[in-house]
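The primary structure of each chain is shown beneath.
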Amino acid sequence: MVAATELIKPSDFKGGKPTWCPGCGDYGLQSAMRKALSNLGYSPEEVVIVSGIGCSGNFPHFQSTYGFHSTHGRALPLATGVALANPDVKVIAVGGDGDGYGIGVGHFIHAARRNLDITYAVMDNQIYGLTLGQASPTSQMKAITLTTPKGVDERPINPISLAIGAGASFVARGFSGEGAHLEKLLEAAIEHKGFSLVDTLSPCVTFNRLNTYDWFRDRVYFLEEEEGYDKADLSQAFVKSLEWNEKIPLGIIFEDEGASLQDLDRIISKGINPVKQKLGIDPAVTDMKKIFSEFK
Amino acid sequence: MHFEELKPGGILIYNKTARFSLDKYMSEIDAKRIIVLGIPLTKMAREINVKRPVLANTISIGALLEILGLETDGYLRVIEERFGKESIIEMNRQALIKGNNFIKENSDVRYNLNPPTLEPKANIVVNGNHAIAIGAAASGLKFLSQYPITPASSILSYLSQHAEDFGIVVRQVEDEISAITMAVGAGWAGVRAMTATSGPGISLMAENIGLAGITETPVVIVDAMRGGPSTGVPTKTEQSDLMPIVHVSHGEFPRAIFAPRDIEEAYTLTFKAFNIAEKYQIPVFILSDFTLSERLENVEEFDVNLKIDRGKILDPEQRYPDYHRYAFTDDGISPRLLAPHPDGKHVGVGAEHDLDSNSLAGSQAGLYKSRWMKEQMFNKRFRKLKVLEETDMDPPIWDGEDDADLTFICWGSATTAVKATVDYLNSVSDDMKFNLLSFSDMFPLPVEKVKQELAKIKTGVIVEINYTGQLEQLLKLYVDYSPNGHIRHIDGEVLTRTRLLQYLKELELEEGKIEYSYIRRTKDFNKKEVM
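As a starting point, this report considers the structure included with it. (Residues numbered from 1 in each chain as written. Chains lettered and ligands numbered in written order. Predicted model: local features only at pLDDT ≥ 70, side-chain atom pairs only at ≥ 80, totals over all residues. Heavy atoms only, no water.)

1. Structural notes on the sheet that holds strand S7 (residues 170–175) of chain A
No. 1: Across the sheet, which stays open at both edges, the nine strands sit in the order S9(A)-S10(A)-S7(A)-S8(A)-S4(A)-S3(A)-S1(A)-S2(A)-S11(B) with mixed pairing between neighbours. Of all strands in the sheet, those with a lone pairing partner are strand S9 (220–222) of chain A together with strand S11 (347–349) of chain B, marking the two edges. Direction aside, neighbouring strands of the sheet carry axes that sit 20 degrees apart on average.
No. 2: Two elements, strand S1 (residues 47–51) of chain A and strand S3 (residues 90–96) of chain A, share four bridges in a ladder whose sense is parallel. Within the sheet, the bridge partner assigned to Val48 of chain A lies in S3 of chain A and is Val91 of chain A.
No. 3: Contacts from helix H8 (residues 234–241) of chain A reach S9 and strand S10 (248–255) of chain A within the one sheet, and its direction differs from that of S10 of chain A by about 155 degrees. (Pairing = 2+ DSSP bridges. Helix = DSSP H or I, 4+ residues; strand = E, 2+ residues; numbered from the N terminus. Axes fitted to C-alpha atoms, helices over the stretch in contact; angles between N-to-C directions. Contact = heavy atoms within 4.5 Å.)

2. Focus: the environment of Ser427 of chain B
No. 1: Within the secondary structure layout, Ser427 of chain B lies in helix H15 (residues 415–428).
No. 2: A distance of 2.6 Å separates a polar atom in the side chain of Ser427 of chain B from the backbone oxygen of Tyr424 of chain B. (Polar contact = N/O pair within 3.5 Å; in protein donor to acceptor, adjacent residues only side chain to side chain.)

3. Here's the deal with the pairing of strand S6 (residues 192–197) of chain B
Residues and elements named next belong to chain B.
No. 1: Most of S6 sits inside the fold, with six of its six residues counted as buried.
No. 2: Burial along S6 is two-sided: the face carrying Arg192, Met194 and Ala196 and the face carrying Ala193, Thr195 and Thr197 are both buried.
No. 3: When strand S4 (residues 141–146) meets S6, the two strands line up parallel, connected through three bridges. By the bridge assignment, Leu144 is partnered in S6 with Met194.
No. 4: Alignment of S6 against strand S7 (residues 219–225), held across four bridges, turns out to be parallel. Residue Met194 lies in a different strand from S7, and its bridge partner there is Val220. (Buried < 20%, exposed > 50% of the residue type's maximum accessible area, 1.4 Å probe, protein only.)

4. Comments concerning the interface of chain B and chain A
No. 1: At the junction of the two partners, chain B supplies 65 residues and chain A supplies 52 residues.
No. 2: Between chain B and chain A, the buried area comes to about 4,700 Å², and carbon and sulfur atoms account for 68% of it.
No. 3: Applying the counting rule to chain B against chain A returns five salt bridges.
No. 4: The closest approach of N and O atoms between Arg114 of chain A and Glu174 of chain B, which form a salt bridge, is 2.4 Å.
No. 5: Counting across the chain B and chain A interface gives 19 residue pairs in polar contact (both at pLDDT 80 or more). (Buried area = accessible area lost by both parts, 1.4 Å probe. Salt bridge = Lys/Arg side-chain N within 4 Å of Asp/Glu carboxyl O.)

5. Some points on the packing of aromatic side chains
Any aromatic ring pair is given by two values, namely how distant the centres are and how the planes are angled relative to each other.
No. 1: With the rule as written, the count across this model stands at 22 aromatic pairs over all chains.
No. 2: Here Phe68 of chain A and Trp188 of chain B contribute two aromatic rings whose centre-to-centre distance is 5.3 Å and whose plane-to-plane angle is 80 degrees, an arrangement assigned as edge-to-face. In this pair, Phe68 of chain A is assigned in strand S2 (residues 66–69) and Trp188 of chain B in helix H9 (residues 176–189), connecting two distinct chains. Taken individually, Phe68 of chain A and Trp188 of chain B each receive the classification buried, so the pair is uniform in this respect.
No. 3: Pairing Tyr267 of chain B with Phe271 of chain B gives two aromatic rings, centres 6.2 Å apart and planes at 55 degrees, and the pair type is tilted. You can see Tyr267 of chain B and its partner Phe271 of chain B sitting in helix H12 (residues 263–280), four residues apart, about one turn around the helix. As far as the burial class goes, Tyr267 of chain B and Phe271 of chain B line up, both buried. (Phe/Tyr/Trp six-rings, centres within 6.5 Å; stacked < 30°, edge-to-face > 60°.)

6. Here we look at the pairing of strand S9 (residues 283–289) of chain B
All names here are of chain B.
No. 1: When you tally the buried positions in S9, you get seven out of seven residues, the bulk of the element.
No. 2: Burial of S9 is two-sided: the residues Pro283, Phe285, Leu287 and Asp289 facing one way and the residues Val284, Ile286 and Ser288 facing the other way are all buried.
No. 3: In this sheet, S9 lies alongside S7 in parallel orientation, the contact comprising seven bridges. Bridging across to S9, Val219 finds its partner in Pro283.
No. 4: Where strand S8 (residues 256–258) lies against S9, three bridges are found, and the strand directions are parallel. By the bridge assignment, Ala256 is partnered in S9 with Val284.
No. 5: Once you follow S8 into H12 and on to S9, the crossover reads as right-handed. (Right-handed = clockwise from strand over helix to strand, strands pointing away.)

Now the structure itself:
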């Protein structure tokens, strides 16, 4: 981080011109992300934003940071490789519901339990937008889509309870229509030591005519304003994660301050940055006599 | 179980019990003139300790030592070293002597082996996976992500146990898709990164091997080949992933493939693989196989001071206002400027891209400048392959007699058996000469050099451990060479001199002349079967 944090403005993170449809929820995450990063004093070259495939996959191209637009569903493993190879850069993974909860759901579960210190912001629009409107893993039952003319007949994934169940140490839900709130959530997620999920309700104005901005506005409420809610309480968090339809909670649903993978990995925890190490055998680190003696 | 493998005149030693009878084998035993020796192993074990029939193993070793005319001292030392508890050592000691005495008292069958004449050296005894793991570590590996799979698992377990010794981040991950993708991420971030697997894992990795290809990210991928396809025979050997890896992943991109011929080469070629991966910014494959990965061999300590070449990496202390990640260069290699650096910012992308890694997919697709750029990017990436071919790919090497009448052509770990066969044939032949030409640098083939060597062959026979003749396909495709015959070993067992000579079973020494008409000619491929 640079010393004079006030010098970094959200607009410093502006990259290529977005190609999302006008009104797309993804703009909300982009704007909140730029503000959160500048509030925290990151400069663009210190940040690596990794994505998979889908409308969300283009996110890194629209920012001025380093980035990696990888393959469908693989943002989390790619981000993991970057973060472990160079712990000095701030790694943020972004994705969509098809990318993260469909084709990449195996990695999502394992990234949660691995508890690597990265943030995963999912632009959840409950539809496959880039391929013109097929049902996604979070599409609601009965939703009419290109591939479900009589309505969705498979139950949706609940990313919040899935993440909590998988051992994620920070699980939050934001809404593109609540920018200031989303910005604070992202700040907390980025500051959190461990895997942080920010599932962001990100309406697709072109293909999802059911879960619109208005549909969400009628239902969302801020968990911070709910008296007595304890985000450190796993059982409360599980119950809260199941709320949908009538009322949809926004905010940090679960947070646990346990050790991150960076604190536990046998190399990274020693403060070693792999990318800064000299190559080849360093006699100060490696006793080749001992290595070879095991084979004698 | 292995009865059919007994040679005529061989000796059959079995555990003589009341329940077991050899009756049904007797006609074959007589026909093959097999010497039968029944030892009541279980009964003798129980005489030492009623609860430990497992001592039958040591009793049989004691018996074998006597039959082979070897001293028991050495083996007794091994027992003392291997077993910690004195009571166990004592039981095994008794068992060894008991088996030894049984033969002394009951049998005059002896096959005296000559005791070793060479002094033991202070060498190391390692398998191919150890050699690859240590080669990777010595060449600067900093990140390994792997999913367990036979026969590549011991790379992961060895480096897991020595992560701190070498300073390597080692992660066992959820699947091979994750393994390769993490390695690509780590390689992109600037460390030497590797993953290791076998055929099934390669199939899962395919898409993201292409990601390394188009983003020009260095990564090393070990494929310890095993019987395929699908689950195949995981604990048996094959050389059947060569052509799959020449083409692995959709689309076209440069890659390099190395196949170590032996344990030493498993070490040196791993070192080379990392240099090539970084110098050319490409995925590089090491093709091992069950035979090489799991075989223990006595070798000299590896030289850990081989040359490390990281290729074009820019000095992070300097500024590069005109930096382009995919700048066009004569050799196609664009310098890397690792994160974090204010001038190096770019978005690595699996889509086709321009000099600054801006995607040419989506709204840019089909525009005139995108079409031109796409073509130029292909030219650039494949310029690297040409330079690699001409600069760093080594030609096949000769072994055996010069100017031979018959040349065996082989690759990777099959070389060991072929070399033993050639040495044997040369030792028994009066006026025919044999040699072999073996490949380790498989792809890209150094075309001109390979052509020069192949032109020296009078009669060529390709020996490989697969069904469809993958080296043969490669040579046909890239250097338009066809052999005079081929041997394709597919039963899963390690190829040995004995087995290879079986394939050459019609080979007869008649008045010093060797007939090799037995070798099926390529044109007769469907008519005659050698096996």
